[in-house]
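Listed below, chain by chain, are the residues.
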Amino acid sequence: SQYSAVDTNPLSVYIMQPIWNKIIKIVPLWIAPNLLTFSGFIMILFNYFLISFYDWDYTASGTSPGLVPTWVWLFSAFTTFCAYALDSIDGKHARRTQSSTPLGELFDHGLDSWATSIFVLSFFSVCSRDNGKTGVSVYTMYIYLSIVLFNFMCSHWEKYNTGVLYLPWGYDISQVVLIAAYLLTGTVGVEVWQKPLLFGYYITDVLVILLIGFSLFLSFPQTLYNIHRAHLKKTLKNDSLYEGLLPLVSPLLLFILLTVWVVLSPSNILAKQPRLFLWMVGVAFSNVICKVIICQMSSTRPELFHWFLFPLALVVYAAISGLLGRVEEAALGVLTALLTAAHVHYGVCVGRQLSEHLNIYIFSLKKRVQE
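Residues numbered from 1 in each chain as written. Predicted model: local features only at pLDDT ≥ 70, side-chain atom pairs only at ≥ 80, totals over all residues. Heavy atoms only, no water.

Peer 1: Please explain the overall build of the chain as it appears in this structure.
Peer 2: Helices and strands together make up the secondary structure of the chain, namely 13 helices and two strands. Radius of gyration (C-alpha) of the chain: 21 Å, near the 21 Å computed for a compact globule of 371 residues. Dimensions along the principal axes, computed over C-alpha positions, put the chain at roughly 60 × 50 × 45 Å. When contacts within the chain are restricted to residue pairs at least 6 apart in sequence, those whose partners lie at least 24 apart make up 80%. Put simply, the chain shows about 18,100 Å² of open surface, and 70% of that area lies on carbon and sulfur atoms. Charge separation in the chain, taken as the distance between the mean sites of 22 positive and 20 negative side-chain charges, equals 6 Å. (Helix = DSSP H or I, 4+ residues; strand = E, 2+ residues; numbered from the N terminus. Rg over C-alpha atoms; globule rule 2.2 N^0.38 Å. Contact = heavy atoms within 4.5 Å. Areas by Shrake-Rupley, 256 points an atom, 1.4 Å probe, with all protein chains shown as cover. Lys, Arg positive; Asp, Glu negative; His and termini not counted. Charge placed at Lys NZ, Arg CZ, Asp CG, Glu CD.)

Peer 1: How should I be thinking about the UniProt feature "transmembrane region" (unreviewed entry) in the chain in this particular structure?
Peer 2: Feature annotation in UniProt places "transmembrane region" (unreviewed entry) on residues 26–50, 70–86, 136–154, 166–185, 197–220, 241–264, 276–294 and 306–324, given in this structure's numbering. In residues 136–154, the share of helix is 89% and the share of strand is 0%. The end C-alpha atoms are 26 Å apart. (UniProt positions renumbered as here; feature names shortened; annotations may be inferred.)

Peer 1: I'm lost on helix H5 (residues 102–127) in this one. Help?
Peer 2: Because an α-helix packs 3.6 residues into every turn, residues spaced three or four apart end up facing the same way. The end-to-end C-alpha distance of H5 is 38 Å, a good match for the 38 Å that 26 residues give at a rise of 1.5 Å each. Taken as a whole, H5 carries its principal kink of about 30° at Trp114. Burial of H5 is extensive: 25 of the 26 residues sit out of reach of the surface. Phi for Ser128, located one or two positions after H5, is positive at around 60°. (Expected span 1.5 Å × (residues − 1). Bend = angle between axes of the 7 residues up to and from the residue. Buried < 20%, exposed > 50% of the residue type's maximum accessible area, 1.4 Å probe, protein only.)

Peer 1: Please clarify how the layout of surface pockets should be interpreted in this entry.
Peer 2: Rolling a probe over the atoms, with the probe sized like a water molecule, indicates the empty space that remains. In this structure, the second largest pocket spans a volume of roughly 460 Å³. If you trace the second largest pocket, you find 20 residues lining it, with Phe107, Leu111, Val344, Gly347 and Val348 closest to the centre. Where the lining of the second largest pocket is concerned, the elements lending two or more residues are helix H2 (33–54), H5, helix H11 (274–298) and helix H13 (328–357). A total of eight residues in the lining of the second largest pocket trace back to one element, the largest contributor, which is H13. For the lining of the second largest pocket, a count of residues per class yields 15 nonpolar, four polar and one charged. (1 Å grid on protein atoms, 1.4 Å probe; cavity = no way out; pocket = protein on both sides within 12 Å on 5 of 7 lines; lining within 4 Å. Points joined across faces, edges and corners; volume = space filled by probe spheres on them. Nonpolar A, V, L, I, M, F, W, Y, C, P; charged D, E, K, R; others polar.)

Peer 1: Just checking my understanding: could you explain the nonpolar core for this structure?
Peer 2: It is characteristic of soluble globular proteins that their nonpolar side chains tend to be buried jointly. Membership of the largest hydrophobic core comes to 98 residues, with the highest contact counts inside it found for Phe123, Phe124, Trp261, Phe277, Met280 and Leu312. With residues up to four places along the chain from it excluded, the contact list for Leu312 reads Leu254, Leu257, Leu258, Trp261, Met280 and Leu335. (Core = buried A, V, L, I, M, F, W, Y, C linked by side-chain atoms within 4.5 Å.)

Peer 1: In this structure, what is going on with the side chain of Thr340? I would like to understand it.
Peer 2: As for its placement among the helices and strands, Thr340 is situated in helix H13. Take Thr340: its relative accessible area is 15%, and that puts it in the buried class. If we ignore the near neighbours within four places in the chain, the residues touching Thr340 are Trp114, Trp279 and Val283.

Peer 1: Explanation requested: the environment of Gln296 in the structure shown.
Peer 2: When you line up the elements, Gln296 lands in helix H11. Put simply, Gln296 and Glu158 are 138 residues apart on the chain and 9.8 Å apart in space, counted from C-alpha to C-alpha.

Peer 1: What exactly am I supposed to notice about the packing of aromatic side chains here?
Peer 2: Each aromatic ring pair is specified by the distance between its two centres and by the angle formed by the two planes. Applying the stated rule across the entire model yields 25 aromatic pairs. On the basis of an interplanar angle of 80° and a centroid distance of 6.2 Å, the ring pair of Tyr58 and Phe124 is categorised as edge-to-face. In this pair, Tyr58 sits in the loop between H2 and helix H3 (60–63) while Phe124 sits in helix H5, placing the two residues 66 residues apart along the sequence. On the basis of relative accessible area, Phe124 is assigned to the buried category, the value being 2%. (Phe/Tyr/Trp six-rings, centres within 6.5 Å; stacked < 30°, edge-to-face > 60°.)

Peer 1: Would you mind showing me how to read the packing of helix H9 (residues 241–264) against helix H12 (residues 309–320) here?
Peer 2: Think of two packed helices as two axes; the pair is described by the angle between the axes and how far apart they sit. Following both chains from N to C, one finds H9 and H12 inclined at 20°, their axes separated by 10 Å at the closest point. When the axis of H9 is compared with that of H12, the two are roughly parallel. Of the two possible hands of crossing, H9 and H12 adopt the one that is left-handed. Along the contact surface, H9 presents Ser250, Leu253, Leu254, Leu257, Leu258, Val260, Trp261 and Leu264, while H12 presents Leu309, Leu312, Ala313, Val315, Val316, Ala319 and Ile320. (Axes fitted to C-alpha atoms, helices over the stretch in contact; angles between N-to-C directions. Parallel < 35°, antiparallel > 145°, perpendicular 65-115°, else oblique. Left-handed = near helix turned anticlockwise from the far one by under 90°.)

Peer 1: Is there a simple way to think about a nonpolar patch on the surface in this case?
Peer 2: Taken together, the side chains of Tyr242, Leu252, Leu253, Phe255, Ile256, Leu304, Phe305, Trp307 and Phe310 define a hydrophobic patch exposed on the protein surface, amounting to about 890 Å² of accessible area. The biggest single contributor to the nonpolar patch is H9, with five residues. One can find Phe255 in helix H9. (Patch = residues over 30% accessible without salt bridge, like charges linked within 9 Å, V, L, I, M, F, W, Y side chains within 5 Å. Salt bridge = Lys/Arg side-chain N within 4 Å of Asp/Glu carboxyl O.)

Peer 1: Looking at this structure, how should I read the side chain of Ser76?
Peer 2: Tracing the backbone through its elements, the reader meets Ser76 in helix H4 (residues 70–96). The class for Ser76 is buried, based on a relative accessible area of 0%.

Okay, here's the thing in structure tokens:
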């Protein structure tokens, strides 16, 4: 299907697009668009592991503010900006080099579905976890991440039903806020997050309120409105309500299973291993969404139950029933490693199949020689 996206965000249209149009001119024409997409993702990943190295359990900013060196925050601002820029120009570059393909679209959105959680997980190091005085509780982190992923899912569920990707306003705003937050932390220090800003509220409180407000009152109603409008115009991709709601089943079950584990875990798994647990949430979610994106692009039906749900359900049951006992953390570690490996393997396989099918290379503009 032909890719179509609509961007109505004033920040994007009037400020960011002119910047991208200038940056795109310096990109050599021989560079493959997917290389831009992938470079941005690798930067986000590298930055995440760098922050994790200094702050594995999200306590560095709250307990000993000097633990994460200043240059790490400034580097975070730099990598976030680069990834944002690369993600914004890859499509323009594809049109410029006349190399727009379904593979590029899938590559872009597939990596975005994973990057979304990584952005959020990196940001949590800035505000640090609750230490009784300041910071955000690990449960707030989990809810925060879930809302961001819910927003991402909404825009692709909407595209699954309408055939058009309405770019969420939250994307550009969140990227600019992230870069500003890292710059602020790098220049002023993490202490800025630990002092009340207005009326006893901290910056983190304000950001959480804004995020929830944006999601529930702007982006979700907009999604429903766009689907309703397509329904009135008779341009919906799916006739039945069942077909339309099908892609939401697996993400919803995934969220329910994860929440059950968080709430009923005997060893309080989220508090013990917030970084591992939240990473696993992001990976599992990304894989579920990638399947929806592929179904939407190929006009096929998504399966009712994503296979990740089965091993997850087993582990969750074993954990909350006390079967796992002391090895609950180890089980989380193994599950996280397996899901991550399965997700990477899935991405590599789909990429290879598509590149062979379309007769193109993923990271080069040269055409494949027909066997």
